[in-house]
Amino acid sequence: MKDIMTAPFVREMCATAANMYRLGWDERNGGNISYMLDEKEVKEYLDIDNVIRDIPLMGVNEVDFDITPLIGKYFIVTGTGKYFKNVEGDPETNLGIVRIGKDGKHIELLWGFKDGGRPTSEFPAHMMSHMARLKVDPENRVVIHSHPTNTLAMNFVHELDEKKFTHTLWEMCTECIVVFPEGVGILPWMLCGTSEIGKATAKKMEEFRLVVWAMHGIYGAGKTLDETFGLIETVEKAAQIYMLICNRPRVNTIKDEDMVKLVELFGVKYRKDFLDL
Ligand code: 2HA
Ligand code: ZN
């Protein structure tokens, strides 16, 4: 059996959490990551018959959602109350590898959460988002939630309308429309950690890989940690530019006709109705 500390998925989780912390997106216990793993890759590092602890989904959160499609699936996930700041230094306490139990009512801990910890309080939103994205893209593996500073700042000064918000982001960096051509979904302020926000996020995830939780943060989904991080990073960069310029007269802008040229060049399908052509 290989050393789990050398597993690419553990190293990548550490690097991603460290980057997000360094960028100031995940203060204290803010943010969470879940990454679906193949049984084959887990088996190289862990005895999958050795369950360390059963954690009732109820113990993770109230459970009134159907997790059946994920039964038997493996996830590496950040812990509730854990700080992104500390993941790299102590992955075995701050991360866990879990399998969704056969009854769909509990999860089996195979590694990590060494101090008795449990998965993120946003586990329902993560699992529901995985299920929603897998229906659209069978290769989806990652869900990330974060509190990126400028994205959040923009929530307070910009209309929270999906078309207008997306359009403004697209205008801020030439490549935005190519990186997230489907746009950004937006949920109104809602109580976090609940199944309600999980269901609402998952509903948006049928259409978008990025969902803003108004005045809280953002959810991103993708095939890899890099892709998902990159999506959030691109939104955050655009939001940063917006926050730098929003108080000043706009002299120049990227025109909608220019954005059409971009999506045509890259051959991507985009939300035409989010442009004003
Ligand atoms: O896990 O970010 O939304 C801490 C959070 C909750
Ligand atoms: Zn949050």
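Anything mentioned here points back to the structure above.
Enquirer: Tell me about the packing of aromatic side chains, residues and numbers included.
Expert: Under the counting rule described, the total for this entry stands at 4 aromatic pairs. Measuring from centroid to centroid gives 5.4 Å for Trp-25 and Phe-229, while their planes differ by 25°, and the two rings are stacked. Placement of Trp-25 in the loop between helix H1 (8-22) and strand S1 (32-37) and of Phe-229 in helix H11 (residues 225-245) is noted, with a sequence separation of 204 residues between them. Each of the two residues, Trp-25 as well as Phe-229, counts as buried. Look at Trp-170 and Phe-274: their rings are 6.2 Å apart centre to centre, the planes differ by 50°, and that puts the pair in the tilted class. Of this pair, Trp-170 sits in helix H8 (residues 162-172) while Phe-274 is found in the segment after helix H12 (256-266), placing the two residues 104 residues apart along the sequence. Here Trp-170 matches Phe-274 in class, with each residue buried.

Enquirer: Hey, could you go over helix H7 (residues 149-157) for me, with residue numbers and the actual values?
Expert: Within the span of H7, buried status applies to Asn-150, Thr-151, Met-154 and Asn-155. Down the axis of H7, the buried set is contained in an arc of 155°. They therefore lie on one face. Considering only its buried residues, H7 is in contact with H8, strand S8 (210-213), strand S9 (217-222) and H11.

Enquirer: Provide a residue-level description of the pattern of salt bridges, including the pertinent values.
Expert: Here the structure, examined in full by the defined rule, presents 13 salt bridges. Ionic pairing is found between Arg-250 and Glu-171, a salt bridge with its closest N-O pair at 3.2 Å. Taken as a pair, Arg-250 in the loop between H11 and H12 and Glu-171 in helix H8 lie far apart in primary sequence, 79 residues in all. Residue classification places Glu-171 among the buried positions, given a relative accessible area of 15%. As a salt-bridge pair, Arg-271 and Asp-273 come within 2.8 Å of each other at their nearest N and O atoms. Take Arg-271: its relative accessible area is 21%, and that puts it in the partly exposed class. Taking relative accessible area as the criterion, Asp-273 reaches 43% and is therefore assigned partly exposed. Residues joined by salt bridges that share partners form a network here, namely Glu-207, Arg-271 and Asp-273.

Enquirer: Now, about the pairing of strand S5 (residues 106-112): what can you tell me, with residues and values included?
Expert: For S5, the tally of buried residues reaches 7 of 7 residues, placing the bulk of the element in the interior. Here strand S2 (residues 53-56) pairs with S5 via 4 bridges, running antiparallel. Bridged to Asp-54 within S5 is Glu-108. As paired strands, strand S4 (residues 95-100) and S5 are joined by 5 bridges and run antiparallel to one another. Paired with Arg-99 across the two strands is Glu-108, which belongs to S5.

Enquirer: So what about the site of ligand 1? Which residues, and what values?
Expert: As a matter of local geometry, ligand 1 sits amid Asn-29, Gly-30, Gly-31, Asn-32, Glu-122, His-145, His-147 and His-216. Asn-29 places a polar main-chain atom, nitrogen or oxygen, 3.3 Å from an oxygen atom of ligand 1. A distance of 3.2 Å separates an oxygen atom of ligand 1 from a polar atom in the side chain of His-145. Here ligand 1 loses 89% of its free accessible area of 220 Å² to cover by the protein chains. Considered class by class, the residues forming the shell around ligand 1 number no nonpolar, 7 polar and 1 charged.

Enquirer: Give a detailed account of the packing of H7 against H11, specifying residues and quantitative values.
Expert: It is the contact of H7 with H11, at a shortest axis distance of 7 Å, that shows an interaxial angle of 50°. Comparing their axes, H11 and H7 come out oblique. Every pair of crossing elements has a handedness; the one defined by H7 and H11 is left-handed. Listed contacts from H11 to Thr-149, Asn-150, Thr-151, Ala-153, Met-154 and Val-157 of H7 are Val-235, Glu-236, Ala-239, Gln-240, Tyr-242 and Met-243. Taken together, the residues that form the contact of H7 with H11 break down as 7 nonpolar, 4 polar and 1 charged.

Enquirer: Report on a nonpolar patch on the surface, specifying residues and quantitative values.
Expert: A cluster of nonpolar side chains, contributed by Phe-156, Val-157, Leu-160, Trp-189, Leu-191 and Met-215, occupies part of the molecular surface with about 630 Å² of accessible area. Turning to its location among the elements, Val-157 is positioned in helix H7.

Enquirer: So what about the coordination of the zinc ion (ligand 2)? Which residues, and what values?
Expert: Around the zinc ion (ligand 2), the protein contributes the donor atoms His-145 (NE2), His-147 (NE2) and His-216 (NE2), which lie 2.0 to 2.1 Å from the metal centre. Donor residues for the zinc ion (ligand 2) sit on one chain with the sequence pattern H-x1-H-x68-H. Of this pair, His-147 sits in the loop between strand S6 (142-146) and H7 while His-216 sits in the loop between S8 and S9; the two residues are 69 residues apart in sequence, bridging distant segments of the chain. Accessibility expressed as a relative area gives 14% for His-147, which makes it buried. Overall, His-216 belongs to the buried group, its relative accessible area being 15%.

Parameters and conventions
Residues numbered from 1 in each chain as written. Chains lettered and ligands numbered in written order. Predicted model: local features only at pLDDT ≥ 70, side-chain atom pairs only at ≥ 80, totals over all residues. Heavy atoms only, no water. Phe/Tyr/Trp six-rings, centres within 6.5 Å; stacked < 30°, edge-to-face > 60°. Helix = DSSP H or I, 4+ residues; strand = E, 2+ residues; numbered from the N terminus. Buried < 20%, exposed > 50% of the residue type's maximum accessible area, 1.4 Å probe, protein only. Arc of directions from axis to C-beta. Contact = heavy atoms within 4.5 Å. Salt bridge = Lys/Arg side-chain N within 4 Å of Asp/Glu carboxyl O. Pairing = 2+ DSSP bridges. Near = heavy atom within 4 Å. Polar contact = N/O pair within 3.5 Å; in protein donor to acceptor, adjacent residues only side chain to side chain. Areas by Shrake-Rupley, 256 points an atom, 1.4 Å probe, with all protein chains shown as cover. Nonpolar A, V, L, I, M, F, W, Y, C, P; charged D, E, K, R; others polar. Axes fitted to C-alpha atoms, helices over the stretch in contact; angles between N-to-C directions. Parallel < 35°, antiparallel > 145°, perpendicular 65-115°, else oblique. Left-handed = near helix turned anticlockwise from the far one by under 90°. Patch = residues over 30% accessible without salt bridge, like charges linked within 9 Å, V, L, I, M, F, W, Y side chains within 5 Å. Donors = N, O, S within 2.8 Å, 3.2 Å for Na, K, Ca; no water.

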